[in-house]
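# Observations on the three-dimensional arrangement
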Amino acid sequence: MAAPAYLAARAPPEAPDDLGRHCCLCYRYTSSGTIHVWEFAKDEHRFARTVPGSFVTNDVDLMRDAAVSALGVACLPRPCVDRQIESGALVEVLCGWAPVLPPNQLYYPSRRQPTAAFRAFVEALRI
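What you see is a predicted model, and the numbers here were worked out from it, not measured in a lab. (Residues numbered from 1 in each chain as written. Predicted model: local features only at pLDDT ≥ 70, side-chain atom pairs only at ≥ 80, totals over all residues. Heavy atoms only, no water.)

### Here's the deal with the side chain of R64
- With respect to the secondary-structure elements, R64 resides in helix α2 (residues 60-68).
- Residue classification places R64 among the buried positions, given a relative accessible area of 15%. (Helix = DSSP H or I, 4+ residues; strand = E, 2+ residues; numbered from the N terminus. Buried < 20%, exposed > 50% of the residue type's maximum accessible area, 1.4 Å probe, protein only.)

### Considering the nonpolar core
- Ranked by internal contacts, the top residues of the largest apolar core, which has 25 residues, are L19, W38, F40 and V73.
- Of all the secondary-structure elements, those providing two or more residues to this core are α1 (4-8), β1 (24-27), β2 (38-42), α2 and β5 (73-74).
- Among the elements that line this core, the one with the most residues is β1, at four residues.
- Excluding its chain neighbours within four sequence positions, the residues that come into contact with L19 are P13, C24, W38, F40, V51, P52, V73 and L94. (Core = buried A, V, L, I, M, F, W, Y, C linked by side-chain atoms within 4.5 Å. Contact = heavy atoms within 4.5 Å.)

### A look at the pattern of salt bridges
- Scanning the entire structure with this criterion turns up seven salt bridges.
- E39 is the salt-bridge partner of R46, the closest N and O atoms lying 3.8 Å from each other.
- Between D61 and R64 there is a salt bridge, with its nearest N and O atoms 3.2 Å apart. With D61 and R64 both in helix α2 and three residues apart, this pair spans about one turn of that helix.
- Under the relative-accessibility criterion, D61 is labelled partly exposed at 42%.
- Bridged by salt links that share partners, the residues D61, R64 and D65 form one connected network. (Salt bridge = Lys/Arg side-chain N within 4 Å of Asp/Glu carboxyl O.)

### Details of the packing of aromatic side chains
- Taken as a whole and assessed by the stated rule, the structure comprises three aromatic pairs.
- Ring centres 5.2 Å apart and planes at 80 degrees place the aromatic pair Y27 and Y29 in the edge-to-face group.
- An aromatic cluster of at least three residues, connected via ring pairs, comprises F40, F47 and W97.
- The ring of Y6 carries R10 above its face, with NZ or CZ at 4.0 Å from the centroid. (Phe/Tyr/Trp six-rings, centres within 6.5 Å; stacked < 30°, edge-to-face > 60°. Lys NZ or Arg CZ within 6 Å of the ring centre and 35° of its normal.)

So this is what it looks like as structure tokens:
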């Protein structure tokens, strides 16, 4: 994702290799300290790339706001940026390169009486 103002100053990336010429906004995992590796898929070919990061954070909301502020290109889950895409604050780049992620799965014992909070969590995952 990137802001139209960011893309107005430079050509949008057309392939993952083009990201080397862009300011990339990266996510650092707090548990391991590693930087998120961007994943791509084209046809049947799946691969991952470490992108050069000019901005690193461990906060997805901050990374989204940095992208909206035209600081660079961000790799964010679509649900995190739906409102910004709908409003035009962000646009999708590298269309057709995003991998399809497997659905979430949850295993839990069915014989125990689940708490109200757990039932609400399960219901939220079903949506």
